[in-house]
There are 4 protein chains.
Amino acid sequence: MTLDSGPLVQTAIYIAGGAEWPLASEEWEERARAALEPGAFDYVAGGAGAEATMRANLEAFERMRLRPRMLVGTAERDLSVEVLGLRSPVPFLLAPVGVLSIVHPDAELAVARAAAATGVPLVLSSAASTSLEDVAAVGPPRWYQLYWYSNREIAASLVKRAEQAGYGAIVLTLDTLMLGWRDRDLRRGYLPFLQGEGLAQFFSDPVFLAGLDTPPGEDVATASIQALATFPNLGLTWDDLAWLREQTSLPLVVKGVLRGDDARLALEHGAAGIVVSNHGGRQVDGAVAALDALVEVREEVGDGAVVLMDSGVRRGADVLKALALGADAVLVGRPYAYGLAVGGQAGVEAVIAQLAAELDVTCALAGVRTVADADRSLVSP
Amino acid sequence: MTLDSGPLVQTAIYIAGGAEWPLASEEWEERARAALEPGAFDYVAGGAGAEATMRANLEAFERMRLRPRMLVGTAERDLSVEVLGLRSPVPFLLAPVGVLSIVHPDAELAVARAAAATGVPLVLSSAASTSLEDVAAVGPPRWYQLYWYSNREIAASLVKRAEQAGYGAIVLTLDTLMLGWRDRDLRRGYLPFLQGEGLAQFFSDPVFLAGLDTPPGEDVATASIQALATFPNLGLTWDDLAWLREQTSLPLVVKGVLRGDDARLALEHGAAGIVVSNHGGRQVDGAVAALDALVEVREEVGDGAVVLMDSGVRRGADVLKALALGADAVLVGRPYAYGLAVGGQAGVEAVIAQLAAELDVTCALAGVRTVADADRSLVSP
Amino acid sequence: MTLDSGPLVQTAIYIAGGAEWPLASEEWEERARAALEPGAFDYVAGGAGAEATMRANLEAFERMRLRPRMLVGTAERDLSVEVLGLRSPVPFLLAPVGVLSIVHPDAELAVARAAAATGVPLVLSSAASTSLEDVAAVGPPRWYQLYWYSNREIAASLVKRAEQAGYGAIVLTLDTLMLGWRDRDLRRGYLPFLQGEGLAQFFSDPVFLAGLDTPPGEDVATASIQALATFPNLGLTWDDLAWLREQTSLPLVVKGVLRGDDARLALEHGAAGIVVSNHGGRQVDGAVAALDALVEVREEVGDGAVVLMDSGVRRGADVLKALALGADAVLVGRPYAYGLAVGGQAGVEAVIAQLAAELDVTCALAGVRTVADADRSLVSP
Amino acid sequence: MTLDSGPLVQTAIYIAGGAEWPLASEEWEERARAALEPGAFDYVAGGAGAEATMRANLEAFERMRLRPRMLVGTAERDLSVEVLGLRSPVPFLLAPVGVLSIVHPDAELAVARAAAATGVPLVLSSAASTSLEDVAAVGPPRWYQLYWYSNREIAASLVKRAEQAGYGAIVLTLDTLMLGWRDRDLRRGYLPFLQGEGLAQFFSDPVFLAGLDTPPGEDVATASIQALATFPNLGLTWDDLAWLREQTSLPLVVKGVLRGDDARLALEHGAAGIVVSNHGGRQVDGAVAALDALVEVREEVGDGAVVLMDSGVRRGADVLKALALGADAVLVGRPYAYGLAVGGQAGVEAVIAQLAAELDVTCALAGVRTVADADRSLVSP
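Residues numbered from 1 in each chain as written. Chains lettered and ligands numbered in written order. Predicted model: local features only at pLDDT ≥ 70, side-chain atom pairs only at ≥ 80, totals over all residues. Heavy atoms only, no water.

A. Just the interface of chain D and chain C, in detail. Chain D puts 41 residues into the contact, and the matching count from chain C is 41 residues. For the pair chain D and chain C, the summed buried surface comes to about 3,400 Å²; carbon and sulfur atoms form 63% of the total. Scanning the region where chain D abuts chain C turns up 4 salt bridges. Where chain D meets chain C, there are 17 residue pairs in polar contact (both at pLDDT 80 or more). Elements supplying a minimum of two residues to the side of chain D that touches chain C: α1 (6-16), α15 (316-324) and α16 (334-366) of chain D. For the side of chain D that touches chain C, the element with the highest residue contribution is α16(D), accounting for 8 residues. When its residues are assigned to classes, the side of chain D that touches chain C shows 22 nonpolar, 10 polar and 9 charged. (Contact = heavy atoms within 4.5 Å. Buried area = accessible area lost by both parts, 1.4 Å probe. Salt bridge = Lys/Arg side-chain N within 4 Å of Asp/Glu carboxyl O. Polar contact = N/O pair within 3.5 Å; in protein donor to acceptor, adjacent residues only side chain to side chain. Helix = DSSP H or I, 4+ residues; strand = E, 2+ residues; numbered from the N terminus. Nonpolar A, V, L, I, M, F, W, Y, C, P; charged D, E, K, R; others polar.)

B. Examining the pattern of salt bridges more closely. Residue and element names in this part refer to chain D. Applying the stated criterion to the full structure yields 88 salt bridges over all chains. Between R63 and D292 there is a salt bridge whose closest N-O contact spans 3.1 Å. Pair noted here: R63 is in helix α4 (residues 52-63) and D292 is in helix α14 (residues 290-301), with a separation of 229 residues, a long-range link. The class for R63 is partly exposed, based on a relative accessible area of 39%. (Buried < 20%, exposed > 50% of the residue type's maximum accessible area, 1.4 Å probe, protein only.)

C. How the structure looks around the confidence of the model for chain A. Scored by pLDDT, chain A has a mean of 97; 100% of the residues are at 70 or more. Here the predicted complex carries an ipTM of 0.97, next to a pTM of 0.97. (pLDDT = per-residue confidence, 0-100.)

D. Broad picture of helix α4 (residues 52-63) of chain A. Taking 1.5 Å per residue, 12 residues should reach 16 Å; α4(A) reaches 16 Å between its end C-alpha atoms and fits that length. If you check which residues of α4(A) are buried, you get A:A52, A:T53, A:M54, A:A56, A:N57, A:A60 and A:F61. (Expected span 1.5 Å × (residues − 1).)

E. Looking closely at the relation of the copies chain D and chain C. Expressed as a screw operation, the relation of chain D to chain C combines 0.0 Å of axial shift with a rotation of 90°, fitting to an RMSD of 0.0 Å. With respect to symmetry, the two chain copies, as superposed, fit the operation of a four-fold axis. No C-alpha of chain D approaches the rotation axis more nearly than that of D:R63, which lies at 10 Å. (Least-squares fit on C-alpha atoms with pLDDT ≥ 70 in both.)

F. Focus on the sheet that holds strand β5 (residues 143-146) of chain B. Residues and elements named next belong to chain B. Spatially, the 8 strands line up as an open sheet ordered β3-β10-β9-β8-β7-β6-β5-β4, and their pairing is parallel. Where the open sheet ends on each side, the last strands, each with one partner, are β3 (92-94) and β4 (123-124). Summarising the sheet, β3 and strand β10 (residues 329-332) pair through 3 bridges and their orientation is parallel. If you follow F92 over to β10, its bridge partner there is V330. (Pairing = 2+ DSSP bridges.)

G. Representation of the interface of chain D and chain A in the model. Taken together, the contact between chain D and chain A spans 41 residues of the former and 41 residues of the latter. Across the chain D to chain A interface the summed buried area is about 3,400 Å²; carbon plus sulfur atoms make up 63%. At the surface where chain D touches chain A, the tally comes to 4 salt bridges. The tally of links between chain D and chain A comes to 16 residue pairs in polar contact (both at pLDDT 80 or more). Counting residues per element, the ones that place at least two in the side of chain D that touches chain A are α4, α8 (183-188) and α13 (260-268) of chain D. A total of 5 residues in the side of chain D that touches chain A trace back to one element, the largest contributor, which is α8(D). Along the lines of polarity and charge, the residues of the side of chain D that touches chain A split into 20 nonpolar, 9 polar and 12 charged.

H. Region of interest: the nonpolar core. Within the largest apolar cluster, 548 residues are counted, with the highest numbers of intra-cluster contacts made by A:M309, B:M309, C:M309 and D:M309. When residues no more than four places from it in sequence are discounted, the contact partners of A:M309 are A:F61, A:V275, A:V276, A:A290, A:L291, A:L294, A:A322, A:A327, A:A329, A:V330 and A:L331. (Core = buried A, V, L, I, M, F, W, Y, C linked by side-chain atoms within 4.5 Å.)

I. View of the sheet that holds strand β6 (residues 169-173) of chain C. Residues and elements named next belong to chain C. Across the sheet, 8 strands lie side by side as β3-β10-β9-β8-β7-β6-β5-β4; this open sheet has parallel pairing. Edge positions in the sheet fall to β3 (92-94) and β4 (123-124), since each has one partner strand and no second. Note: strand β8 (residues 273-276) against strand β9 (residues 307-309), 3 bridges, orientation parallel. Considered in β9, the bridge of I274 is made with V307. Taken strand by strand, helix α14 (residues 290-301) contacts β7 (252-257), β8 and β9, and its axis lies near 175° from that of β9. (Axes fitted to C-alpha atoms, helices over the stretch in contact; angles between N-to-C directions.)

J. Up close: the pairing of β5(B). Residue and element names in this part refer to chain B. Here β5 shows a buried face lined by W143 and Q145 and a second buried face lined by Y144 and L146. In terms of strand pairing, β4 meets β5 through 2 bridges, oriented parallel. If you follow V123 over to β5, its bridge partner there is W143. Following the chain from β4 across helix α6 (residues 132-138) to the adjacent parallel β5, one finds a crossover that is right-handed. Taken together, the 3 bridges between β5 and strand β6 (residues 170-173) define a ladder with parallel strand orientation. Among the inter-strand pairings, L146 is bridged to a residue of β6, identified as L172. Once the chain exits β5 it traverses helix α7 (residues 152-164) before rejoining the sheet at β6, and the crossover so formed is right-handed. (Right-handed = clockwise from strand over helix to strand, strands pointing away.)

K. Just the environment of D:A16, in detail. Residues and elements named next belong to chain D. Along the chain, A16 turns up in helix α1. Among the residues examined, A16 registers a relative accessible area of 60% and is labelled exposed. The sequence separation of A16 and A155 amounts to 139 residues, and the corresponding C-alpha distance is 49 Å.

L. Layout of the arrangement of the chains. Chain A shows no contact with chain C. Their nearest C-alpha atoms sit 20 Å apart. Looking at chain B next to chain D, you find no contact at all, with the nearest C-alpha pair sitting 20 Å apart.

M. Molecular detail of the packing of aromatic side chains. Tallying each qualifying case throughout the model produces 44 aromatic pairs over all chains. Plain terms: the ring middles of C:F202 and C:F208 are 5.1 Å apart, the flat faces sit at 75° to each other, and that makes the pair edge-to-face. Exposure class is identical for C:F202 and C:F208. Each is buried. Aromatic side chains D:Y149 and D:F202 sit 4.6 Å apart centroid to centroid with 65° between the ring planes, which places their arrangement in the edge-to-face category. Taken together, the positions of D:Y149 in the loop between β5 (143-146) and α7 (152-164) and D:F202 in helix α9 (residues 200-203) put the pair 53 residues apart, joining distant regions of the chain. Every member of this aromatic cluster is reached through a ring pair, and the members are A:Y147, A:Y149, A:F202, A:F203, A:F208 and A:F231. One Lys or Arg, A:R282, reaches over the ring of A:Y43 and ends 5.0 Å from the middle of that ring. Above the plane of the ring of D:W243 lies D:R152, whose end atom (NZ or CZ) is 4.6 Å from the centre. (Phe/Tyr/Trp six-rings, centres within 6.5 Å; stacked < 30°, edge-to-face > 60°. Lys NZ or Arg CZ within 6 Å of the ring centre and 35° of its normal.)

As C-alpha cells, this is what we get:
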C-alpha cells in the first residue's frame, strides 16, 4: 500500500496551509467543467433521460445513515481488500470509464500510472483510447472490462489479448448492449467514437484490422463506423455466457445487475462476481438507485458471493455505507475522470488519495478497523 | 409500424450531429411558451387550483423506480398494442386535447396527419377545432372522445357521426362535466370557446345548427354561447350510460376514473375499458396522482379488464412504469400539444418519434421485448 | 344562502374577461403585503418561532389527496352546514382574528358586513377593534370568541354581553393563555395592543371601566396596560370550565385542541364542540399540523361530537379534505384578513365568494352533493 | 435561578420596542459570519465532509412534532434540572466548544461569566483558550470536558486539576480521538491550534511543561506541535475507562454515543451518564441524526440512566422535543458561540436568555410545568 493514512494526509494538508486540490466532489466537478469543452464534460457528467437515476443514486447515499461505534480501538486499520485475487489497499477500484482522450491527452495512461502509484487497481474500459497492452505495460495489470461486441471473433480476440497481457478478470458489462438515451449528448450529437476516439482496442486488434479494407490510419471514419457497428448486441442472453467462459480461464465478473434474481442467474451461469450498478445513471433513466439494489442483491445471493457496486460513490462515507450494506468493494468512476480533467495523472492521484484519506478518517472515527467491521449494523435500518 | 426503432433514431441523431428538435419535455414546454401567446400557453400548460395534482402526477412517476432485467435477449422488440381493436405500434396514444386552434393554425389536422404518418392513433377531442369528419378524412380513423352535453340530441348526433365516420370507440370523459377551477385562465378570463374556438363539432352538427336562429357564420358569439350552454352536465349518473350504449354499437371507454370502486362500476355499467386519469391535473386540484390511482384500479378490476392511463407521462421511462403498474397503454397530451406549438405537424411527429425511440431504447436496456414483459416486478415495491 | 354557486361565479369571471380580485391565496397575501405597513403585515402573516408549524399546516393539506367519485349526479348541491344551531351556506366560518384595525380602518365592521352579505358567520374575536355590540348591530349575530382574562369579573361580563347581544356560542380559545413567541413581532416590538388597538371589548366594558382611574379616552396607555395585564391566564385548568359554564347558557366551544385525549377531556367538562387548531402556527412552534391532529381527534371522540378545525385552509380542496377527515366545518382566518387589507368589505366578500365557488366546483367534480358525501373514503389513506 | 421567565422576557422586548439582539438562530449565525474572519467562522459553523449529518440533525428536529396539552395549569413552571448533582435553572447546558479565542478575545472567560450570570452551567472544553483554573475562578465550577490525550500523564494531570478546581464531572469525548475530515478547514488549512490557540490547558499544565525543552512563551510553534501530537488517540477502548476512573472520584460522563449498544457498554464500564451526540456533525459525515439516536439510546438504557444530548438544538421547541424523546437535558454549542462572536459575554447571555425564554413560553403553552411533564406522549409517533 502506497497510500498514506487518512490522519497523515489530513495533517499534511493543515501543515501545508490548505489543500492543493479541490476537496468535495462538487468542487472537482466544477473545476472539470471549466477545464473541458462542454461536449466532453457533458458526456462524462450526464446521464440517461431526465437523469432521475443519477439523482436517485446520490439520494440513496444521503438517505442511508451510519451508526458509528465508539472505543473500538482503531489505531491500526487495514482497509485493504482482496477480490478474486485482486488486492487493493482500499475497498474501492477505479471503474471502467471509456474514451478518456476527451478528458485529457494522457487519457488511460495517466489513470494507469495513478493506479500504479497508489496501488488502487484500474478496471480498463473496452472503450479506452489506449490499447490494453499499452496500459498493461504501465504497471501491474488489473481487470479488463468487456463490451461484448456482436462480432464474436473480435470479442474473443479482446478477451485473449487481455488474458495474455496479464489482466486478472473479465468484467462483462451487461447494461450497455447499446447506448442509453442521453439528452445532453443527443442534443449536440456528441459521440466521440465517430471521430475514432475510444476505439483503441479495435484499432489494435488483429481480427478487427483484418476485416478492414483500409487501415484506420488512412480512413479513420470508415474504420470507426465499422467498429461501432459491432457495438449493439441486444440479442445476448445468459446462455451466451457459456461461450464466453470457454474463451478464457479468467474469472468472469458481470457488471450492471440491479435485481436479486439476475444476480442469482449470473452466478448460476458461471459468473465469479457481480457488480451492482446502473452505470452511473447513464443507461436506464428511472432505474432503481444502485445502493438500494445492492441491498436486494446481497440478500438474494448470501454472504459468500462476490458483490461489488458502483454508481453514486462520491465520498468516504459513501464507500463505508456501501460496504456496510453488503459490497465487498466499490468502484468509482466520474470522480477520477474529473481528477484527470483537472490535473492529469496528478489529479487522479489526488482524487484517490483524498477518497482513501477521508474513508480512513471516517473508519477510524466510526469504529471500523477492517472492512469486516463494516457490517449491516453500521447503517440505520 | 412506420416509426423507426429507438436505436435507429438515436444513431440518426448522432450522425446528423445533433437533435433537430427539443429533447426533454421541459425543453418542448419552454419552446412552446415562447411560440404561443401567454393565454394560450397557460390554457394548455396550466391546471386546476394550486396545481398540486399536476405536481403530484410528475412526482409519482419520479418516485417509482424501474428494475431493469439483463440478458433477456431484446434484439427483437415489438412494443405494439391492440386495445379494443385499435392497434398502435407503441403502447401510447394521442390523448384528446381540445381547441388546438389556439396552439397552431393547422390544429387537429396537423395532429391527425402526424398520427397517420406515425401510426399512433389519435383520440379526437369533442372540443376540437376541426369537424370529426374532416379529421377522419386525413387517415385511418381512431377513437372519438365525447363530452356528453346536456342536450341529448346533440350528444346522440355526435356519437352517430363518429360511428359513421369510422371512429372505433367512444371515449366518454367523466371528470369534466364542467370545467375545473383554473387560476391561470380565470385570472385573464381566457376561454377561447367564447370566441367560437373549439366548437367545430357543434358548428358542423345538423341537430345543433337546426336549433340556432342565426348560423355561426353570421353570429358566432350567440352560437358559441348556445353551444357552451350545453356543456355543464353534472346530473349524469352511472345509470345514464345505458342510454348512451343504446345510441351506438361502438365500445364505450370511460375516462377520468381515479378509484377502484368507480372502475368496477364502469365495467358493471357496460364500459369496455377505463382510462385512469385526473385530466392532467386540470379538474380536481388535490386529486390523487393518476399513477397511484392506476395501481388501485388495476388491483380492483383484475388482469382481464382494459385499463389505460394518462396524466403525467413525459418520457419513455414513464410509459414503461405505467405499463408495469398495470396499464394496457397510456395516452399523452401536453407533450404533443407542445410539439404542435413548436413545429406544427412535424413537431408532433418529432414528439411521437422521440417518445417512441426513448421508450424503445429503455425497453431494449431493461429487458422488455413486448409489453407483456413489463410486469409488476419491473418496478420497485 | 346569498352566495352564488361555483359554476355561476366561474362563468361570470370568464364573461367579465378575467378576475377582478387576486385568485390564489399567495396572490392575496402578496397584495396584502403591499397594502399594509410591514409590522401589521407580519403580525397577521407570521407565526411562532421558526414557523415550522405554519409550514406543517400547509404541507399536511398538500400531502393529503382527494379521491374524486364520478357520475354521482352533482347537479344539485347543498354544502350548507348547521353547527350547534348556527347555519352557514358553506362548510366554513370566519375565524376570530384580532385587532383588524391594523389591517383596515373598517376593521371588524367590514368583516361583519361581508359576513352578513354572504351569510357566512363570523366568530368575533375578543381582541377586536370594535365592540361586540357594534358588530352584532351589523346583522345576524354569530359566535363570540373568548380569551379568558385572568380577571373573572371581566370575563363574566364579556360572556354576558355576548349572550345579551345575541351571539350563539362562546368559543373559548385554549391555546393562547399568553402570546406565543413570535420572531417577527418581537424583532420590531410590534404589539398594537400597547397603543390601545384591539381592546374595544375592554374599553366598552363597564366592569373594566369601573376599575380604571382615568378613562381610556384620556389616558389610553394606562388603560391599555391595565387591559393587557389581565391577558395572561396560564393557571386555567379543565375544572375551571365549570365556572364559565355557570356564567352563560350559551354552548361552549373550545378552540385549540391538538390531541385526542384533550378532546375527550373537553367533552367531559361540558364543551359542546371542539375546534382542532394550532392557531395558524402562531402559538407553539413545532406543534403538529392541525389536519393531522384532526384525524386523531375525530378518531378519539367518534362521529357524534361536534369537531371543527382551522389552521392552513387556503383553497377549496383544503376545505373538502378537512371535511373528509372528520371536520363538521372549518374556519378560515388569514385569507379573509388579506381580503380586508386589499379591499375592505368587498375584499372580504371576494375571498369568501372565491373560496365558496372553488369549493363548490371541486365538490361538483368530486362527487360531493352535501357535506355528508365527504367521508373518509374521499381521501387517500 | 437568575433567568427571567419567558413571559417577562417577552413583555420586556415589546415594551422596549423590539429585540436588542438577533432572534432566530439563523440571524445569530449571519451576524456571527459578518463579525468573524472567514476561517474562524467556518471552523465554528462547518461540519465534516458533505455536512450531511449537520443537515440531518436539523431535519430530525423539524420532522418531530409536538403535541401540546391544554389547560394543564402552567402558571407556575420550574424547568430546572439536576444532573449528577449539577443544577441548571433550565434543561440545557453550555456545550464544550474549543478555541473560543478565535471567536472573541474574551473567549471562555466571557462564556463563563455569562454562565455565572445566568446560572446555566458551562462544560469547559479541553481545547479552551483559557486555563481551567482561570475559568473556575469566574464562578461556580461546572463540568470539565476531556479529550483523552495519548500521553496518559497529561490526561491524568488535567483530570486532577479539574477535580481540584472544583469541576463536578469529567465529560469524556469519545467521538473525537482525531479530528473529522472537514472540507472547510482543510480547504484553507485552518487549524488555529498550530498557532498555539486553544492549548491553554497544555500551556498551564506542569506535566506538559516539564516535557518541553523551551517554554511556549519562547517557542510557541514547537510547543503547539508537541501538544497536538498527543491529540490523536484512536487506540482507546472501553477497557481503558477503568484507568481513567482510577484517576478521579468525579463522575464520568461519556459524550458522542450514537448507538444503544454503545450506551449500554458505557454504563457497564462505569460511566455515570451519556451524551448522545454526533459532535454537531463535525466528526463522521453521514452519521445518524443525534435526535434519532437519542430515541434508540433511551430505549436501550431505560428510564433510570442519565442521558443528555446535543447536536442540532437551536430553538425552544428543540429542547422540548429532546426532553420528550428521553433527554434529561441538552447541550447547546454553536448558538452561544455565535452569541459570543456578536456580543461577547452580553451576546452569550442574550442567547441563553432567549433560548430559556422561548422554551419557557413553549412549555407554558404546551402544558409543561416541569421537565417531568415532557414525556413521550408530547411528541407525535
